[in-house]
Amino acid sequence: MINSETYTALYTLIKRFRADVSGSTAIEYGLIGSLIGVLVITGGASLGGAVDEKFTAIADALSPRPDVPNTNSIP
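(A) A look at the overall build of the protein chain. When helices and strands are counted, the protein chain shows two helices and zero strands. A total of 75 residues make up the protein chain; the buried ones form 0% of that total. Carbon and sulfur atoms provide 68% of the accessible area of the protein chain, an area that totals close to 7200 Å².

(B) How the structure looks around a nonpolar patch on the surface. Where nonpolar side chains cluster on the molecular surface, the patch consists of Leu47, Val51, Phe55, Ile58 and Leu62 and spans about 540 Å² of accessible area. For Leu47, the location among the structural elements is in helix α2 (residues 22-62). Here Leu47 falls in the exposed class, since its relative accessible area comes to 55%.

Rules and cut-offs
Residues numbered from 1 in each chain as written. Predicted model: local features only at pLDDT ≥ 70, side-chain atom pairs only at ≥ 80, totals over all residues. Heavy atoms only, no water. Helix = DSSP H or I, 4+ residues; strand = E, 2+ residues; numbered from the N terminus. Buried < 20%, exposed > 50% of the residue type's maximum accessible area, 1.4 Å probe, protein only. Areas by Shrake-Rupley, 256 points an atom, 1.4 Å probe, with all protein chains shown as cover. Patch = residues over 30% accessible without salt bridge, like charges linked within 9 Å, V, L, I, M, F, W, Y side chains within 5 Å. Salt bridge = Lys/Arg side-chain N within 4 Å of Asp/Glu carboxyl O.

Quick look at the structure:
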C-alpha cells in the first residue's frame, strides 16, 4: 500500500530529476560536436576536390602536349 510518505518521496525524486539539466547539456554538446564534424568532413571533401582540380590544371600546363612540335629545342 502506498502512503503519503511514498508520494512525497516520489514527488521529491521527480522534482529533483526535472531540475537536473546536466544530461541534456551533455547531449547538446554531443549534437554540436557531431554537427561540426560533419561540416569539417564536407568542407574538406569539397576543398580537396578543388585543390585536386588546380594541381591537375597546373600539371597539364607544365607538361608538353604531344600534338604540338617542340620549338624550344636547339637545332
